[in-house]
Amino acid sequence: MMSLFLLAGLTNLAQKKYVCEFSDTTSTILPDSIFAQLLTSSRSDIEIPPEVMQQFLSQMKEKPLFMAQQRIVNAGIDKTIIIIDRSSRGGNFISETFDSVLYKNDELFPDSTSASGFSVLPISIPRKDFLSTVNTKVIMNYKCQEYISTDSTCRIWVTTELPDYLNPGIRKGNIKGAVLGFELKENVSITKSFLTRFGRSL
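These lines cover the structure that appears in this document, whether it is placed above or below. (Residues numbered from 1 in each chain as written. Predicted model: local features only at pLDDT ≥ 70, side-chain atom pairs only at ≥ 80, totals over all residues. Heavy atoms only, no water.)

Notes on the overall build of the protein
Using the following cut-off: Working definition: helices are DSSP H or I runs of at least four residues, strands are E runs of at least two. Numbering for both runs from the N terminus. Only heavy atoms enter the contact rule, under which two residues are in contact if any of them lie within 4.5 Å.
Helices and strands together make up the secondary structure of the protein, namely 3 helices and 10 strands. Listing the helices and strands of the protein from first to last along the sequence gives α-β-α-α-β-β-β-β-β-β-β-β-β. Expressed as a percentage of contacts within the protein between residues at least 6 apart in sequence, the contacts between residues at least 24 apart total 51%.

Brief notes about the pairing of strand 4 (residues 100-104)
Regular strands place side chains that alternate from one sheet face to the opposite one. Here is the rule we go by: Burial classes: relative accessible area under 20% of the type maximum marks a residue as buried, over 50% as exposed, and values in between as partly exposed (1.4 Å probe, protein chains only). We call two strands paired when DSSP finds no fewer than two bridges between them.
Counting buried residues along strand 4, 4 of its 5 residues qualify, which places the element largely inside the surrounding structure. Across 4 bridges, strand 3 (residues 80-91) lies against strand 4 in antiparallel orientation. Residue Ile82 lies in a different strand from strand 4, and its bridge partner there is Val101. Bridging between strand 4 and strand 5 (residues 107-110) involves 4 bridges; their strand directions are antiparallel.

A look at the environment of Asn92
Along the chain, the position of Asn92 falls in the loop between strand 3 and strand 4. Residue Asn92 is classed as partly exposed on the basis of its relative accessible area, which comes to 43%. Each C-alpha atom, one on Asn92 and one on Phe66, is 5.7 Å from the other, the two residues being 26 residues apart in sequence.

Some thoughts on the nonpolar core
Under the convention used in this document: By nonpolar core is meant a set of buried Ala, Val, Leu, Ile, Met, Phe, Trp, Tyr and Cys residues that side-chain atoms within 4.5 Å join together.
Among the nonpolar cores identified, the biggest contains 19 residues, and Tyr18, Cys20, Leu162, Leu166 and Leu180 are the most heavily contacted of them. Of all the secondary-structure elements, those providing two or more residues to this core are strand 1 (17-28), strand 2 (66-75), strand 4, strand 7 (142-149) and strand 9 (178-186). Broken down by element, this core gets its largest block of residues, 3 residues, from strand 1.

Comments concerning the pattern of salt bridges
Any two side chains of opposite charge can pair if their charged atoms end up close together. Our working rule: Salt bridges are defined by distance alone: a side-chain nitrogen of Lys or Arg within 4 Å of a carboxyl oxygen of Asp or Glu.
Going through the model one piece at a time under the given rule, you end up with 9 salt bridges. In this structure, Asp99 engages Arg86 in a salt bridge whose closest nitrogen and oxygen atoms are separated by 2.4 Å. Remark: Arg86 occurs in strand 3 and Asp99 occurs in the loop between strand 3 and strand 4; sequence separation between them is 13 residues. Overall, the relative accessible area of 33% leaves Arg86 in the partly exposed class. Put simply, Asp106, Glu107, Arg127 and Arg171 are held in one network by salt bridges that share partners.

Regarding the side chain of Gln69
Condition: For this analysis, a polar contact is any N or O atom pair within 3.5 Å, provided that within protein one partner can donate a hydrogen and the other can accept it, and provided that sequence-adjacent residues contribute only side-chain to side-chain pairs.
You can see Gln69 is positioned in strand 2. Within polar-contact distance, the side chain of Gln69 engages the side chain of Arg89 at 2.7 Å. The residues contacting Gln69, other than those within four sequence positions of it, are Phe22, Ser23, Asp24, Ile84, Ser88, Arg89 and Thr97.

Here's the deal with unusual backbone geometry
Of all residues except glycine, most have a negative phi; of all peptide bonds, most are trans. Residues other than glycine seldom take positive phi values, yet Asn105 does so here, at roughly 55°. Note on placement: Asn105 falls in the loop between strand 4 and strand 5. Of the residues examined, Asn105 reaches a relative accessible area of 69% and is grouped as exposed.

Considerations on the packing of aromatic side chains
For clarity, the cut-off: Working definition: rings of Phe, Tyr and Trp (its six-membered ring) pair if their centres are within 6.5 Å, and the pair is stacked with planes under 30 degrees apart, edge-to-face with planes over 60 apart, and tilted otherwise.
Applying the stated rule across the entire model yields 4 aromatic pairs. Seen from their ring centres, Trp157 and Phe194 are 5.3 Å apart, and the 45° between their planes marks the pair as tilted. Here Trp157 is found in strand 8 (residues 154-159), whereas its partner Phe194 is found in strand 10 (residues 189-201), with 37 residues between them in sequence. Judged by relative accessible area, Trp157 falls into the buried class, the value being 4%. Classification of Phe194 by relative accessible area gives partly exposed; the value is 24%. The structure contains a cluster of three or more aromatic residues connected by ring pairs, namely Tyr18, Tyr142, Tyr165 and Phe198.

Thoughts on the pairing of strand 3
With 8 bridges joining them, strand 2 and strand 3 adopt antiparallel strand pairing. By the bridge assignment, Ala75 is partnered in strand 3 with Thr80. Linkage of strand 2 to strand 3, two consecutive antiparallel strands, is achieved through a turn of 4 residues.

Here we look at the side chain of Thr133
Looking at the secondary structure, you find Thr133 in strand 6 (residues 130-139). Within the structure, the side chain of Thr133 is placed 3.1 Å from the backbone nitrogen of Asn135, a separation counted as a polar contact. Other than its neighbours up to four places away in sequence, Thr133 contacts Gln145, Glu146, Tyr147 and Ile148.

Encoded structure:
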């Protein structure tokens, strides 16, 4: 009888699903090197007076553009679906992203008009390799280990207290555990996303 209860408990644990909410913020960053390059570059197809360009770029450095939004994560052992809540968007600029994406076997599949709602081909972006740092962060009462990509463009915070399939849409390679936060730098922007609401159901 005890083994039956144990087996039932393990089955319930394996089938556990999570509905979570992550808060995203994206802001522009304008490093001095790019600032200087944009000031000195000239394009024949765009006629902008140098003083106007300098004023615009100076404003970008002093007051970066900013966007906030929520992403809903429906996580299950068979598949995890990440949905961008466009109605939650705020800020002074809009960055176009996917409406939804499928996370499965550490691959990301964009939404499509197929019967499943997702492409059969994963998103073709280069994988990142991660190294553990000495830092930790507590997110929603879960202790997370910090990892940084070898190209220093991405940080992720991972807890082993929750299953691997709980993921906001970040490929993490062989790292075990749930990703509860990430920070991603791209050209002139930086996106941060952290778990802010957590629920589970059997």
